[in-house]
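One letter stands for each residue in the lines below.
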Amino acid sequence: MAKSKIAKIPYDERTDDQKLESNWGKARKQFEREDWSACVVRAATTAEIAANIYIRQFLLTDYALPPKFVDALLMGANGLDGKFKRLIKPAAEHRGTWSTLKSLQKKIESLNEHRNGVAHAGKFKSKSDARSVFEHSLAVIQALAPNEAATLALP
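This one's a predicted model, so the numbers in the text were calculated from it and none came from an experiment.

S.K.: Give a description of unusual backbone geometry that names residues and reports values.
M.R.: One non-glycine residue, E34, lies in the positive phi region at around 65°. Relative to the helices and strands, E34 resides in the loop between α2 (16-32) and α3 (36-62). Judged by relative accessible area, which is 56%, E34 ranks as exposed.

Pasting the structure below:
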């Protein structure tokens, strides 16, 4: 879907794929404007959306669970780290892919540290911090939502 068409859809009505695409694009624009702290938050949010995509694929598509139930699980898991530990790990263990996905843990911890530093402690980030967050976010997205990652590029 063209970016201009996505922008016309209210954010709450967008699919996870559309949210991922628009957040990544906004994060890249913030990077280009040298708004390091804002792009850190936005890029980390994009990785969390990839986690939502992974979990929705597993629970909605593979197991046909009710969407409201899945939404409640995603809300209750609280953030990328919570979703990774509480939902993705058990799903990946069930699928037999945990040995591959567990390598994301350090990247996710780094994303959380950077994002929470900005969002909860008012820290300012540097260009190198922002670049690192983009790299870690893209790695998470590639592992959890490979179809969506195919169109993304680092700034």
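S.K.: Mind laying out the environment of L73, listing which residues take part and the relevant values?
M.R.: Structurally, L73 is set in helix α4 (residues 67-76). Along the primary structure L73 and R86 are separated by 13 residues, whereas in three dimensions their C-alpha atoms are 9.3 Å apart.

S.K.: Explain α3 residue by residue, including any values.
M.R.: In a regular helix each residue adds 1.5 Å, so 27 residues correspond to 39 Å; α3 covers 38 Å between its end C-alpha atoms and thus fits that length. Helix geometry: α3 is bent most strongly at R56, by close to 25°. A positive phi of about 50° marks A64, the residue just after α3.

S.K.: Talk me through the layout of surface pockets; I want residue IDs and the actual numbers.
M.R.: Looking at the largest pocket, its volume works out to about 490 Å³. In terms of lining, the largest pocket is formed by 22 residues, of which the most central are E48, N52, L74, G79 and K83. Among the secondary structure elements, those contributing two or more residues to the lining of the largest pocket are α2, α3, α4, α5 (79-95) and α7 (105-121). The element that contributes the greatest number of residues to the lining of the largest pocket is α3, accounting for 6 residues.

S.K.: Break down the packing of α2 against helix α8 (residues 127-144) for me, with residues and values.
M.R.: Geometrically, a packed helix pair is captured by the angle between its two axes and the distance between the axes. At a closest axis distance of 11 Å, the pairing of α2 and α8 adopts a crossing angle of 160°. Here α2 is positioned roughly antiparallel relative to α8, judged by the angle of their axes. Considering only the axes of α2 and α8, their crossing is left-handed. Taking contact as the criterion, the partners of L20, W24, A27, R28 and F31 in α2 are, on α8, K127, A130, R131, F134, S137, L138 and I141. Partitioned by chemical class, the residues of the contact of α2 with α8 number 8 nonpolar, 1 polar and 3 charged.

Cut-offs applied
Residues numbered from 1 in each chain as written. Predicted model: local features only at pLDDT ≥ 70, side-chain atom pairs only at ≥ 80, totals over all residues. Heavy atoms only, no water. Helix = DSSP H or I, 4+ residues; strand = E, 2+ residues; numbered from the N terminus. Buried < 20%, exposed > 50% of the residue type's maximum accessible area, 1.4 Å probe, protein only. Expected span 1.5 Å × (residues − 1). Bend = angle between axes of the 7 residues up to and from the residue. 1 Å grid on protein atoms, 1.4 Å probe; cavity = no way out; pocket = protein on both sides within 12 Å on 5 of 7 lines; lining within 4 Å. Points joined across faces, edges and corners; volume = space filled by probe spheres on them. Axes fitted to C-alpha atoms, helices over the stretch in contact; angles between N-to-C directions. Parallel < 35°, antiparallel > 145°, perpendicular 65-115°, else oblique. Left-handed = near helix turned anticlockwise from the far one by under 90°. Contact = heavy atoms within 4.5 Å. Nonpolar A, V, L, I, M, F, W, Y, C, P; charged D, E, K, R; others polar.

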